[in-house]
Amino acid sequence: MWTGIIDSIHIASAAKRPTQPVEQVQAIPGVGLTGDRYAQQQGTFSKPEPDFELTLIEVEALDALQREYGIELAPGEARRNLVTRGVPLNHLVGREFTIGDVKIRGIRLCEPCSHLQALTKRPVIKGLRHRGGLRAQILSEGVIKVGDRVSE
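Treat the numbers as computed from the prediction; the structure is a model and nothing was measured.

Another point: the pattern of salt bridges. By the definition in use, this model includes six salt bridges. A salt bridge links Asp36 to Arg37, with the shortest nitrogen-to-oxygen separation between them at 3.1 Å. Like Asp36, the residue Arg37 is buried in the burial classification. We note a salt bridge from Glu68 to Arg131, for which the minimum N-O separation is 2.7 Å.

In structure tokens form, the structure reads like this:
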């Protein structure tokens, strides 16, 4: 059994725009995070699918990217909405979990892509392969805050 936390939250108003850190955000099922590009249908991939509602990445993966490949990537530069600490995201594919009071379902891994590499101007694909995060669906409405507990 594990319990982790939300280390930081990041949203971007449109595709290719820099992400902005926020202390809390409203999660809406079938929509995404209030103010984020995908909730506003302004993301790079415009089809409204459940796996575009929310993305997460482990701060431990960013630490490993720097330690193993010498590539420093700030949490917001990873372009994932939520940065977790102590959460085994790969194990949450196909499983339900909670962030604070919000219910979430892991859909699939969020593998790094050439789009992320182009935006960061760093060779991140190899270092984040199979640890680039999780795409997830929001199952219940609520506010997600920095410091919220993440658990199964």
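Turning next to the nonpolar core. Within the largest apolar cluster, 22 residues are counted, with the highest numbers of intra-cluster contacts made by Leu54, Leu56, Leu82, Ile99, Ile104 and Ile144. Counting only elements with at least two residues in this core, the list comes to strand S1 (3–11), strand S3 (24–28), strand S5 (54–58), strand S7 (96–99), strand S8 (102–109) and strand S9 (134–138). Filtering out sequence-adjacent residues up to four positions away, Ile104 remains in contact with Leu54, Arg95, Glu96, Phe97, Ile99, Ala136, Gln137, Ile138 and Leu139.

So, on to the side chain of Thr55. As for its position among the elements, Thr55 is in strand S5. A distance of 3.0 Å separates a polar atom in the side chain of Thr55 from the backbone nitrogen of Asn81. Excluding its chain neighbours within four sequence positions, the residues that come into contact with Thr55 are Arg79, Arg80, Asn81, Leu82, Cys110, Leu134 and Arg135.

Once that is clear, we can look at the sheet that holds S3. Spatially, the three strands line up as an open sheet ordered S4-S3-S10, and their pairing is antiparallel. The sheet terminates laterally at strand S4 (32–33) and strand S10 (142–145), the two strands that pair on one side only. As paired strands, S3 and S10 are joined by four bridges and run antiparallel to one another. Residue pairing across strands places Gln24 opposite Lys145, the latter belonging to S10.

Take Pro29: it is sitting in the loop between S3 and S4. Distance in space between the C-alpha atoms of Pro29 and Ser140 is 5.9 Å, their sequence separation being 111 residues. Residues contacting Pro29, with those up to four places away along its chain left out, are Glu53, Ile138, Leu139, Ser140 and Glu141.

In this structure, Arg79 takes a positive phi of about 65° despite not being glycine. Following the sequence through the fold, Arg79 ends up in the loop between helix H1 (59–69) and strand S6 (82–85).

Calculation rules
- Residues numbered from 1 in each chain as written.
- Predicted model: local features only at pLDDT ≥ 70, side-chain atom pairs only at ≥ 80, totals over all residues.
- Heavy atoms only, no water.
- Salt bridge = Lys/Arg side-chain N within 4 Å of Asp/Glu carboxyl O.
- Buried < 20%, exposed > 50% of the residue type's maximum accessible area, 1.4 Å probe, protein only.
- Core = buried A, V, L, I, M, F, W, Y, C linked by side-chain atoms within 4.5 Å.
- Helix = DSSP H or I, 4+ residues; strand = E, 2+ residues; numbered from the N terminus.
- Contact = heavy atoms within 4.5 Å.
- Polar contact = N/O pair within 3.5 Å; in protein donor to acceptor, adjacent residues only side chain to side chain.
- Pairing = 2+ DSSP bridges.

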